[in-house]
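Results of the structural survey
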Amino acid sequence: MVRVNESNMPMTVEESDGGYGQLLAVLMRRRYWLLGVMGAVLTIATVFTLISKPTYQSEMQLLIEPNYQGKKDGTTPRQGEQYADSGVTIDDYATQINVMRSSLLIQRAVDILRSEYPTLTVAEVKKNLVLKQVVEEKANTKIVEATYTANDPIKAQKVLKAVHTVYQIYNREQQEQRLKKGLKFINEQIPAVTKTVDQAENKLEEFRKNNNLIDPEQQAATVNNSLNAIAQEREVIRAQYNDLQARYGQLQQQLARSPQQALVASRLSQSSRYQTLLNELQRTELALSQRRVVFTDEDPNVKKLLEQRQNLLSMMKQEGGRVLGEGQASQAAAAGNAADGILQQGQLGALDLNLAGQLIEVQTNMNAMRARDNSLAQTQQKLRSDLKRFPVLLAEYNRLVPFVQINRDKLQQLLRAQQELSLEIARGGFDWQALEEPRLGLKVGPNLKLNLLLGLVAGLMLGSLAAFLRDAVDDSVHSSEDLERQFELPLLGMTPELPRGRVAQPEVSLPFGKPLHLSPWTVQVRNWPHHGNRWTLIYRNLQLMNEMAAFKSLVVTSAVAGEGKSTLALGLALSAARLHQRVLLIDTDLRRPSLHQILNLPNDYGLSTLLSSDATLPIHNAIQSSGSYIDILTAGPQPEDPANLLSSQRMRELMAGFEQNYDLILLDAPPLLGMVDAMIAASCCTGVVLVSRVGMVKKTELVQANAMLRKLNVIGVVANGVSNVSYGYGAYSREQGVELKKVWGNG
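Residues numbered from 1 in each chain as written. Predicted model: local features only at pLDDT ≥ 70, side-chain atom pairs only at ≥ 80, totals over all residues. Heavy atoms only, no water.

All right, on to the pairing of strand β1 (residues 55-63) then. If a strand is regular, its side chains alternate between the two faces of the sheet. Bridge count between β1 and strand β5 (residues 442-445): three bridges; the pairing is antiparallel. In the strand pairing of β5, Thr55 is matched with Gly445. Where β1 lies against strand β3 (residues 139-150), eight bridges are found, and the strand directions are antiparallel. Across the sheet, Gln57 pairs through a bridge with Thr149, a residue of β3. The pairing of β1 with strand β4 (residues 433-436) spans three bridges and is antiparallel. (Pairing = 2+ DSSP bridges. Helix = DSSP H or I, 4+ residues; strand = E, 2+ residues; numbered from the N terminus.)

This is the structure:
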């Protein structure tokens, strides 16, 4: 079966696909509900505005000094505020405004106005008093704006003045209470803090006396610096000592003497007496050597020379002792046992004397450096020992000093706060200044335009809600989309809603009884309806269905009465006749026939006459010919049992004969629900076309009709009474006409 939808239907559909279009469709469909509710709300708003009493509003602005310890903007509080009583602390302006609206403060204002306005209550003032923080350039200020609304302009002004007076008193009370309690707290803290400061200072002084320290950190740094200086000096001494040691080795190698020997030789070489004795000894030694060449030791002269030599040695020993001292003299005597040793010890040249002096000097410097290094090593060891005890001392010192400093600062802060709070109490605090005095109330209501605008908006919302609720509980089918969702059938087409004034008038007039030679291919129709092209398009869709199955006879029916099935059957007949089809239109509604009324035809003979007569009657006597392609078989007189006649064998025989003589047979059947006539008539045909009037038929009725038609060959459904289907062809229709020519040719 070919499904016909909007993609292949030759028709102009202007329905919305959903979304806002569906919402607007619901509002248009239920416009009377929308307008009714909107009108009622506007009426109520108008009446309320007219009967309401006039209202007046007075305003003033206060510069609020916040009563709280910390400041939310990060600024530093005034000295002494941190010691104020936390029981009266206000955290922010929002909390401050809530306190200002409290019943306790409002009651004070009511008491002030009691003599002038005895009926004034706290609840009335709280209801009409509005307090809000002024915001400028997206930043909160310290200004609070107060407004009061009343039916009397003078009353509004006086209430604000009384409220201002109460706020001034409240602010002074709060500040005085807060400052006095803060001062009391400070006075209680000062003695304890003073005592703590004294104890901390005594501990610090005792620590310094016991350890003989003023500032351990500074002294530890001094010791550490001394250690570094000593280490550097020792490094220098070691370097110099190494240089002297190398020099010492060189000098000792050049002299081939030890420093002690060089010292002895140098002193003896510089002694004139010792040199004289040494020279004399050398002459005696020379003479002795010469004498021994000739004589023996027994020779008197030899003995004399030996004796003289011995005397000279004794004298040299004595002179050496005098020059060198006892210790070095012994060493020189031990070294001078031989004449050569004497000569070597006592006779040095100028160069040797110089080298000997340098060697002695180097040795002296080396000894001095060694002594200095030892002294520095001892000092370094002592300083390191002293430095080991400083970490413990520093820990103790660093614990005592901050404790002393913290308590000193706390004491100074308490003393300054004591002075500041005393001055604050003496000054009397800060009053909440009125930047703008309360003025006479200005009229603010009722506002007729505003109320009407609000009423219009509320009415539109409530009316829309009522329209949607009414549409939600409505079971009617409102659009062709709803109709398609109820059936698994193709939508063959849509026909527009006809004007109500033309329902009783015949739509067409067929030229019954005219000669056959008139109008060779069309039915002569007067007053062809402007929506007749819709019937032609629906018939074209039926022909598309005919490509797969030959529909020789069709039943046109609906779920309930009044859905336009007779009009559709006549329209399909006219459309088929315009396409050169021989058509027989039969009115099978034997209970309430209407086709003869539409066409102004007599109903004395018809289908009931043919079915109730067993005789073979000429069929053409009952069929009324239009003189062209359409023949009409009216229902005829109403029988006693229409269902029995339609289900008879006679009916099947008639249908078989009609199918042989006509190209298309259309049966205008009664409604499906409530009777079986339509089902019986459909059983005699090859196809069924269902008509449903949008906005009239119920979804439950369509469900029942769909269940009844399941066993029949239902071709499709036609939506009747669609309000937004265009009547003319237009550009779209012309394009569709071109497509139809391609499909069906020039017929």
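This part covers the confidence of the model for the protein chain. Mean pLDDT over the protein chain: 75, with 73% of residues reaching 70 or higher. The low-confidence segment residues 67-75 (pLDDT under 50) makes 21 contacts with residues lying over four places distant or belonging to another chain. Scored below 50 in pLDDT, residues 499-507 shows nine contacts in the model against residues more than four places distant or in partner chains. (pLDDT = per-residue confidence, 0-100. Contact = heavy atoms within 4.5 Å.)

Spanning 14 residues, helix α18 (residues 565-578) covers 20 Å between terminal C-alpha atoms, matching the ideal 20 Å at 1.5 Å per step. When you tally the buried positions in α18, you get twelve out of 14 residues, the bulk of the element. Lys565, Ser566, Leu568, Ala569, Leu570, Gly571, Leu572, Ala573, Leu574, Ser575, Ala576 and Ala577 are the residues of α18 that are buried. In the stretch just after α18, His580 is the one whose phi turns positive, near 65°. (Expected span 1.5 Å × (residues − 1). Buried < 20%, exposed > 50% of the residue type's maximum accessible area, 1.4 Å probe, protein only.)

Inspection of the secondary structure puts Thr284 in helix α9 (residues 272-294). Take Thr284: its relative accessible area is 3%, and that puts it in the buried class.

Right, let's talk about the pairing of strand β11 (residues 664-668) for a bit. Counting buried positions over the five residues of β11 gives five, a clear majority of the element. Residues Leu664, Leu666 and Asp668 line one face of β11 and the alternating positions Ile665 and Leu667 line the opposite face, and both faces are buried. Alignment of strand β7 (residues 553-558) against β11, held across four bridges, turns out to be parallel. Bridging across to β11, Val556 finds its partner in Asp668. Bridge count between strand β8 (residues 583-587) and β11: five bridges; the pairing is parallel. Across the sheet, residue Ile586 finds its bridge partner in β11, namely Leu667.

The next thing to look at is the nonpolar core. Among the nonpolar cores identified, the biggest contains 46 residues, and Ile586, Leu607, Met655, Phe658 and Leu667 are the most heavily contacted of them. Setting aside chain neighbours within four positions, we find Ile586 in contact with Leu607, Leu633, Met655, Phe658, Ile665, Leu666, Leu667 and Asp668. (Core = buried A, V, L, I, M, F, W, Y, C linked by side-chain atoms within 4.5 Å.)

This next bit is on the environment of Val47. Inspection of the secondary structure puts Val47 in helix α2 (residues 31-51). Overall, the relative accessible area of 44% leaves Val47 in the partly exposed class. Between the C-alpha atoms of Val47 and Leu448, which are 401 residues apart in sequence, the distance is 9.9 Å.

Quick look at the packing of helix α4 (residues 103-112) against helix α6 (residues 153-211) now. In the contact formed by α4 and α6, the axes pass within 9 Å of each other and the chain directions differ by 130°. Comparing the axis directions of α4 and α6 gives the class oblique. Here α4 runs over α6; the crossing is right-handed. Every residue of α6 that contacts α4 at Leu105, Arg108, Ala109 and Ile112 is listed here: Ala162, Val163, Thr165, Val166, Tyr167, Ile169, Tyr170 and Glu173. Residues that form the contact of α4 with α6 fall into these classes: nine nonpolar, one polar and two charged. (Axes fitted to C-alpha atoms, helices over the stretch in contact; angles between N-to-C directions. Parallel < 35°, antiparallel > 145°, perpendicular 65-115°, else oblique. Left-handed = near helix turned anticlockwise from the far one by under 90°. Nonpolar A, V, L, I, M, F, W, Y, C, P; charged D, E, K, R; others polar.)

Structurally, Ala45 can be placed in helix α2. Linking Ala45 and Leu450, residues 405 residues apart in sequence, is a C-alpha distance of 9.8 Å. Among all residues touching Ala45, those that are not within four sequence positions of it are Asn451 and Gly455.

On to unusual backbone geometry, then. With phi around 65°, His580 is a residue other than glycine that occupies positive phi space. Inspection of the secondary structure assignment puts His580 in the loop between α18 and β8. Phi at Asn600 takes a positive value of approximately 55°, unusual for a residue other than glycine. As for its position among the elements, Asn600 is in the loop between α19 (595-599) and α20 (607-612).

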